[in-house]
Amino acid sequence: MALSHDEVLHLAKLSKLTLSSEEVLHFADQLTPVVDYFRELNEIDTSNVPETSQTTGLVDVLRTDEVDASWVLSQEEALSQALKTHNGYFVVPAIFTRTS
Amino acid sequence: MNIPLSISEVQNDLVQKKYSCVNLVEHYLSEINTQNKTLNAFLTVTDEYAYTKAKELDRVITDNPHAIKEFPLLGMVVSIKDIYLTKGIRTTAASKVLESFVPQYSSTVVERLESAGAIIIGKTNCDAWAHGASGENSDFGATKNPWNTEFVPGGSSSGSAVSVASGLSFASMGTDTGGSIRLPASFTNVVGFKPTYGVVPRYGVISMASSLDSMGHFTKTVEDSEKIFAVTRGVDGRDSTVVNHSYKAVSPTQKFRIGMPKEYFAKGLSPEIEQKVRAAAQEFEKMGIELVEVSLPHTKYAISVYYIVQPAEVSSNLGRFDGIRFGNNRDSFGEEAKRRIMLGTYVLSSGYYDAYYGKAMKVRSLVIKDFDDAFSSVDAILAPVSPSLPFKIGEKSDDPLQMYLADIYTVAANLAGIPGLALPAGFSESGLPIGFQLLGKRFSEPTLFELGKKYQAVTDWHTKKPS
């Protein structure tokens, strides 16, 4: 089953990736055989098989709700790697636009 | 300067003042200086940092008669895959997204190594975000195989393997999500260790696929691999998947049985590799260890399961890179990262989830059951690491499916969460390294180390160095 260009564009949108038109062609060509390869899994009857999402068997690992001061970043440290900050805050791209 | 093969010998020399930690750092920096231009194993060299630490440790050796006991890795000069956060030292994941990112804290593993007396000499190149089997997906250029620089060293922990193989560091930390330690170890003639999932904390390591990522390392000897594991393992209160397992030493009189999985010696395996791996198995047989054939019937499906589960988890983990709190924006992702993000998004998306991700999670259960069945009759499994020899740089880079298939013998261990130890087994006629791996059930590391030490006692492949 070939991945269409529209599907690749849709995946890029879901993944918040910007692709050039060349990349769209390229990824459609490259991902199609990979996805086709996965069809071998249909050879296996898994109707009575449980799903595995992790291998530790651990369930609900909790810790006490206490602040460990040695593990807290100062505001200055937390902001130190941001490209844009303002008055001690991260600057994020605007989501809403002013209409009036 | 001739540096001994094992850390205990180095430490003896240090105590006897044959050389100092500062001398060791000078030695490795000079090797990096000469060789790194060709090999591209290091992305960052931390010379000042290493000198400071070395001076501090030299004082400890002079002042503290119990220095070695208190600092089990004292004097071990290590490089760190550039995916482990190192406070104040640039950490890139070999991606342009993080090309100028300087972490505010260190990963648990790095903290533990340093507390145990290890000296960090630099951060090593890898496939960006650990995505790859060759090292070619680094945004900062491919790492070269020191045995023949036209060939790949294996990935994703390419620079870490090469730094140990070429003597640019004594040991190195890597990560193994689908073979990223065992494969480069076998391509470069070093020992590569992948622990049981959930034994060594992942805290502070840039996540690739969270249900598979294992924090392991490269050394020349099994003895040292075991020593590092004793330092890195155990609960840190930060990675909630880690358990404190009480490991017991293997009894010296223990009788072992090793399983040879027939599916790993089937069509597709290079005859040259098969011959060397069987020769390694015979070394065990000569010691009186019984070899039996076992079957892991779902082996051939492991690669499909892995290339569904892993990109699914990748697409989720890489969602956090938005260029706001740190790093550059998503336009800086390289080609392979984009490919995996989209593949993962595809297998998780509405309409395809059950057919791909749901199905893969079920077949993962069958892969695990194969191992459980096998380990009911054997103590370890012996298998090749790779079906083929190291390939030429560029040979597979335009064909992702072929590249993914290079992981065929390694991914199952990650799906099952079991430990693996890759060991040198000799060389091809063309002079390229060949390795094999020992796999064991969860928490069977003492057995793997014991078998590995027995093997290294009767072989000398691990002592060979690239010219």
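Structure: above.
Below is a short write-up of the structure. (Residues numbered from 1 in each chain as written. Chains lettered and ligands numbered in written order. Predicted model: local features only at pLDDT ≥ 70, side-chain atom pairs only at ≥ 80, totals over all residues. Heavy atoms only, no water.)

### Details of the overall build of chain A
Stage number 1. A tally of helices and strands in chain A yields 3 helices and 2 strands.
Stage number 2. In terms of overall dimensions, chain A is more spread out than a globule: its C-alpha atoms have a radius of gyration of 23 Å, far above the 13 Å expected for 100 residues.
Stage number 3. For the C-alpha atoms alone, the extent of chain A along its principal axes is close to 55 × 50 × 30 Å.
Stage number 4. Buried positions account for 28% of the 100 residues belonging to chain A.
Stage number 5. Roughly 7,700 Å² of accessible area belongs to chain A as shown, and the carbon and sulfur atoms make up 54% of that amount. (Helix = DSSP H or I, 4+ residues; strand = E, 2+ residues; numbered from the N terminus. Rg over C-alpha atoms; globule rule 2.2 N^0.38 Å. Buried < 20%, exposed > 50% of the residue type's maximum accessible area, 1.4 Å probe, protein only. Areas by Shrake-Rupley, 256 points an atom, 1.4 Å probe, with all protein chains shown as cover.)

### Looking at the overall build of chain B
Stage number 1. The helix and strand tally for chain B stands at 15 helices and 11 strands.
Stage number 2. Computed over its C-alpha atoms, the radius of gyration of chain B comes to 21 Å, within 12% of the 23 Å expected for a compact globule of 467 residues.
Stage number 3. Dimensions of chain B, computed from C-alpha atoms along their principal axes, come out at roughly 65 × 60 × 45 Å.
Stage number 4. Out of the 467 residues belonging to chain B, those deemed buried represent 68%.
Stage number 5. Restricting the contact set of chain B to residue pairs at least 6 apart, pairs at least 24 apart contribute 77%.
Stage number 6. About 15,500 Å² of surface is accessible on chain B, with carbon and sulfur atoms providing 48% of the total.
Stage number 7. Charge separation in chain B, taken as the distance between the mean sites of 48 positive and 50 negative side-chain charges, equals 3 Å. (Contact = heavy atoms within 4.5 Å. Lys, Arg positive; Asp, Glu negative; His and termini not counted. Charge placed at Lys NZ, Arg CZ, Asp CG, Glu CD.)

### What to know about the interface of chain A and chain B
Stage number 1. Of the residues lining the interface, 52 residues belong to chain A; the matching set on chain B comes to 59 residues.
Stage number 2. In total, chain A and chain B occlude about 4,900 Å² of area from one another, counting both sides; carbon and sulfur atoms represent 64% of this.
Stage number 3. Connecting chain A to chain B are 4 salt bridges.
Stage number 4. Here Glu23(A) makes a salt bridge to Lys338(B), at a shortest N to O gap of 2.8 Å.
Stage number 5. Taken together, chain A and chain B are joined by 20 residue pairs in polar contact (both at pLDDT 80 or more).
Stage number 6. Secondary-structure elements contributing two or more residues to the side of chain A that touches chain B are helix H1 (5-14), helix H2 (21-37) and helix H3 (75-79) of chain A. (Buried area = accessible area lost by both parts, 1.4 Å probe. Salt bridge = Lys/Arg side-chain N within 4 Å of Asp/Glu carboxyl O. Polar contact = N/O pair within 3.5 Å; in protein donor to acceptor, adjacent residues only side chain to side chain.)

### Focus on the packing of aromatic side chains
Residues and elements named next belong to chain B.
Stage number 1. Summed over the entire model, instances satisfying the criterion amount to 26 aromatic pairs over all chains.
Stage number 2. Ring centres 4.8 Å apart and planes at 50° place the aromatic pair Trp147 and Phe427 in the tilted group. Here Trp147 is found in the loop between strand S3 (119-124) and helix H6 (158-165), whereas its partner Phe427 is found in strand S10 (residues 420-427), with 280 residues between them in sequence.
Stage number 3. Take Phe427: its relative accessible area is 18%, and that puts it in the buried class.
Stage number 4. Look at Phe193 and Phe449: their rings are 4.9 Å apart centre to centre, the planes differ by 45°, and that puts the pair in the tilted class. Taken as a pair, Phe193 in strand S5 (residues 191-194) and Phe449 in helix H15 (residues 445-458) lie far apart in primary sequence, 256 residues in all.
Stage number 5. Residue classification places Phe193 among the buried residues on the basis of a relative accessible area of 0%.
Stage number 6. Overall, the relative accessible area of 1% leaves Phe449 in the buried class. (Phe/Tyr/Trp six-rings, centres within 6.5 Å; stacked < 30°, edge-to-face > 60°.)

### Focus on unusual backbone geometry
Stage number 1. The omega torsion of the bond from Gly155(B) to Ser156(B) falls at 5°, within 30 degrees of zero and hence cis.
Stage number 2. Positive phi values are uncommon outside glycine, yet Lys16(A) reaches one of about 55°.
Stage number 3. Among the residues examined, Lys16(A) registers a relative accessible area of 64% and is labelled exposed.
Stage number 4. Even without being glycine, Ala94(B) reaches a positive phi, approximately 55°.

### Considering the pattern of salt bridges
Residues and elements named next belong to chain B.
Stage number 1. The tally for this structure, following the rule as stated, stands at 21 salt bridges over all chains.
Stage number 2. We note a salt bridge from Glu274 to Arg278, for which the minimum N-O separation is 2.9 Å. On the criterion of helical spacing, the pair formed by Glu274 and Arg278 is a turn pair, its members being 4 residues apart in helix H9 (residues 271-286).
Stage number 3. Salt bridges linked by common partners bring Glu335, Glu336, Arg339 and Arg340 together as one network.

### Observations concerning the nonpolar core
All names here are of chain B.
Stage number 1. If you look at the biggest cluster of nonpolar residues, it comprises 155 residues, and the most contacted ones within it are Trp129, Phe371 and Phe436.
Stage number 2. Here this core takes 11 residues from helix H12 (residues 354-375), the largest share from any one element.
Stage number 3. Once residues lying within four places of it in the same chain are set aside, the contact partners of Phe371 are Tyr264, Leu296, Ile381, Ala412, Ala413, Ala416, Ile418 and Leu439.
Stage number 4. Grouped together as the second largest cluster of nonpolar side chains are 16 residues, Ala185, Phe187, Met403 and Ala422 included. (Core = buried A, V, L, I, M, F, W, Y, C linked by side-chain atoms within 4.5 Å.)

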